[in-house]
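Read off the chains here:
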Amino acid sequence: MFHAALEVFDGTSKYVIEMTPVWGQPSGPRGVVGQGPVGIRWLGASRFFRYEIRCWKGGSIPDRDWAIGPPVRFLLAPGEVDALIGRIPTTPQLTWGRDIYGIGDMWNSNSLISWLLQSSGIDAGRLAPPEGGDAPGWDTGIAAARVPDQSDFADQKDDDAGA
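Note that the structure is predicted; figures quoted are calculated from it, not measured.

Caption draft 1: Looking closely at the sheet that holds strand β2 (residues 14-21). Spatially, β1-β2-β4-β3 is the arrangement adopted by the four strands of the open sheet, whose pairing is antiparallel. Two strands close off the open sheet at either side, each with one partner strand: β1 (6-9) and β3 (32-37). Sheet twist, expressed as the mean angle between neighbouring strand axes with direction ignored, is 15°. As defined by bridge partners, β1 adjoins β2 across four bridges and the pair is classed as antiparallel.

As structure tokens, then:
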């Protein structure tokens, strides 16, 4: 299984974009732009059941040295980079681990990245993890990018969302 993250360069600075648990993170600035619940929406009241979305200027991906393959690179125009970075706080903050769209795939860190790529005009459906790997959540991010208004899903009761 793979955990997707992005490193984005705007010509002068590097940004790391990823979704991680709220608990166990270093103190200090790390570019948190949003949070969401894990498992069941009401559990999100506890920091142990919340994730954070980061757009961390100058950040790092701690386990990047253990990546199975080289990074996949995309060339974006400066305006497209700014739009991508500006879009991050608008990421749907759906319940992590839920199959909100009923497609047999759950919202997670991979969903964040595929949502961001797809909503930036990059066909995330044409991408695949390194051979033999799986990126659960990838299809959910693509589905979320195709739904213009996420408010109906964000407030949906957990027993209606499926597990």
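Structure's up, so let's keep going.
Caption draft 2: View of the pattern of salt bridges. Using the criterion set out here, one finds four salt bridges in the structure. As a salt-bridge pair, E7 and K14 come within 3.8 Å of each other at their nearest N and O atoms. The exposure class assigned to E7 is partly exposed, which follows from its relative accessible area of 25%. One salt bridge in this structure joins R30 and E52, with 2.7 Å as the shortest N-O distance. Of this pair, R30 sits in the loop between β2 and β3 while E52 sits in strand β4 (residues 50-57), and the two are 22 residues apart along the sequence. As far as the burial class goes, R30 and E52 line up, both buried.

Caption draft 3: A look at the environment of T90. With respect to the helices and strands, the residue T90 is situated in the loop between α1 (78-87) and α2 (109-119). For the pair T90 and S120, spaced 30 residues apart in sequence, the C-alpha separation works out to 12 Å.

Caption draft 4: Representation of the layout of surface pockets in the model. Roughly 1,200 Å³ of internal volume is contained in the largest pocket. Elements with a minimum of two residues in the lining of the largest pocket: β1, α1 and α2. In terms of residue count, β1 provides more of the lining of the largest pocket than any other element does, four residues in total. For the lining of the largest pocket, the per-class residue count stands at 29 nonpolar, four polar and five charged.

The rules we used
- Residues numbered from 1 in each chain as written.
- Predicted model: local features only at pLDDT ≥ 70, side-chain atom pairs only at ≥ 80, totals over all residues.
- Heavy atoms only, no water.
- Pairing = 2+ DSSP bridges.
- Helix = DSSP H or I, 4+ residues; strand = E, 2+ residues; numbered from the N terminus.
- Axes fitted to C-alpha atoms, helices over the stretch in contact; angles between N-to-C directions.
- Salt bridge = Lys/Arg side-chain N within 4 Å of Asp/Glu carboxyl O.
- Buried < 20%, exposed > 50% of the residue type's maximum accessible area, 1.4 Å probe, protein only.
- 1 Å grid on protein atoms, 1.4 Å probe; cavity = no way out; pocket = protein on both sides within 12 Å on 5 of 7 lines; lining within 4 Å.
- Points joined across faces, edges and corners; volume = space filled by probe spheres on them.
- Nonpolar A, V, L, I, M, F, W, Y, C, P; charged D, E, K, R; others polar.

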